[in-house]
Amino acid sequence: MTALRFVMFGSVLAYQVATLVSVLAGRQGWLWFPVFALLSLPISALLTWTSGRACLAGQPVLVVDGTGVSLGRKHLAWQDIEAIEGPDRPSRQASDPRRPTDATRDWFASVTVVPTGSRRKQQIAVGNEYAKDINALASWLDAVHAAQLAGGREA
């Protein structure tokens, strides 16, 4: 799927660049599409870059073990986790802008592993691209977190 997105975004980017080269060479006038291509070129380049990087380097791997939860380079030990927020669970803040409440909610569903304190940069967000049933993942992570804290295991 990532390779398909890379090809699709790369094709759109190539077409936009070709249109702009044609306009700059004088073979085409500045109509609506060349202006649109010029304005949307940074977005297409960003989408092509991120999908190409994910295609070459791969997605980060979610690791849950005896020491804690890791996603890519981010790691939280079990004792450093304050809460695990899922899409069906109330968040710490009632008006959290990261959690849509309309029909697009399933598109943005994620499990957030919240560290103790206010270290927002260290929180781990596991999106729906990592699990088919994000609610089951949230429940399982919450149960494992409770078991690890009850067992007294520390890193």
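Read on for a plain summary of the structure.

Basis of the calculations
- Residues numbered from 1 in each chain as written.
- Predicted model: local features only at pLDDT ≥ 70, side-chain atom pairs only at ≥ 80, totals over all residues.
- Heavy atoms only, no water.
- Helix = DSSP H or I, 4+ residues; strand = E, 2+ residues; numbered from the N terminus.
- Buried < 20%, exposed > 50% of the residue type's maximum accessible area, 1.4 Å probe, protein only.
- Contact = heavy atoms within 4.5 Å.
- Areas by Shrake-Rupley, 256 points an atom, 1.4 Å probe, with all protein chains shown as cover.
- 1 Å grid on protein atoms, 1.4 Å probe; cavity = no way out; pocket = protein on both sides within 12 Å on 5 of 7 lines; lining within 4 Å.
- Points joined across faces, edges and corners; volume = space filled by probe spheres on them.
- Nonpolar A, V, L, I, M, F, W, Y, C, P; charged D, E, K, R; others polar.
- Core = buried A, V, L, I, M, F, W, Y, C linked by side-chain atoms within 4.5 Å.
- Expected span 1.5 Å × (residues − 1).
- Arc of directions from axis to C-beta.
- Pairing = 2+ DSSP bridges.
- Axes fitted to C-alpha atoms, helices over the stretch in contact; angles between N-to-C directions.

### Some words on the overall build of the protein chain
In step 1: Broken down by element type, the protein chain carries 3 helices and 6 strands.
In step 2: When the helices and strands of the protein chain are read in sequence order from the N terminus, they spell out α-α-β-β-β-β-β-β-α.
In step 3: Counting the 155 residues in the protein chain, one finds 30% classified as buried.
In step 4: A fraction of 55% describes how many contacts in the protein chain between residues 6 or more apart in sequence connect residues 24 or more apart.
In step 5: Just so you have it, the protein chain exposes about 10300 Å², and 62% of that area is on carbon and sulfur atoms.

### Comments concerning the layout of surface pockets
In step 1: Approximately 290 Å³ is the volume found for the second largest pocket.
In step 2: Lining the second largest pocket we find Thr2, Arg5, Phe9, Leu47, Thr50, Ser51, Arg53, Ala54, Ala57, Gly58, Gln59 and Glu129.
In step 3: If you tally residues by element for the lining of the second largest pocket, the top one is helix H2 (residues 32-57), at 6 residues.
In step 4: For the lining of the second largest pocket, the residue count by class is 4 nonpolar, 5 polar and 3 charged.

### Concerning the nonpolar core
In step 1: Within the largest apolar cluster, 17 residues are counted, with the highest numbers of intra-cluster contacts made by Val69, Ile81, Val111, Val113, Ile124, Leu137 and Leu141.
In step 2: The dominant element in this core, judged by the number of residues it contributes, is helix H3 (residues 134-151), at 5 residues.
In step 3: Those residues within four positions of Ile124 in sequence are excluded, and the remaining contacts are Val69, Ser70, Leu71, Lys74, His75, Leu76, Val111, Thr112 and Val113.

### Quick word on H3
In step 1: Here H3 is 18 residues long and its end C-alpha atoms lie 25 Å apart, about the 26 Å a rise of 1.5 Å per residue gives.
In step 2: Residues Ile134, Leu137, Ala138, Leu141, Val144, His145 and Gln148 constitute the buried set of H3. For H3, the buried positions fall inside an angular range of 135° around the axis, keeping them on one side. Opposite the buried face of H3, at more than 90 degrees from it, the exposed residues are Ala150 and Gly151.

### Description of the environment of Gly58
In step 1: Considering the arrangement of structural elements, one finds Gly58 in the loop between H2 and strand E1 (62-64).
In step 2: Classification of Gly58 by relative accessible area gives partly exposed; the value is 36%.
In step 3: For the pair Gly58 and Thr2, spaced 56 residues apart in the sequence, the C-alpha separation amounts to 9.0 Å.

### A few points about the sheet that holds strand E6 (residues 124-127)
In step 1: Taken in spatial order, the 3 strands of this open sheet run E4-E5-E6, and their pairing is antiparallel. For this open sheet the edge positions go to strand E4 (81-85) and E6, each flanked by a neighbour on one side alone. When strand polarity is set aside, the average angle formed by the axes of neighbouring strands in this sheet is 10°.
In step 2: Here 4 bridges tie strand E5 (residues 110-115) to E6, and the two strands are oriented antiparallel to one another. Counted as the bridge partner of Val111 is Val126 from E6.

### Quick notes on the sheet that holds strand E3 (residues 74-77)
In step 1: The strand order across the open sheet built from 3 strands is E1-E2-E3, with neighbouring strands paired in antiparallel fashion. With partners counted over all chains shown, the strands left at the sheet margins are E1 and E3, one partner each. Across the sheet, the mean angle from the axis of one strand to that of its neighbour is 10°, orientation sign disregarded.
In step 2: For strand E2 (residues 68-71) and E3, the ladder comprises 4 bridges, and the chain directions are antiparallel. Looking at the pairing, Ser70 lines up with His75 of E3.

The quantities given are spatial measurements derived from coordinates; they are silent on function.
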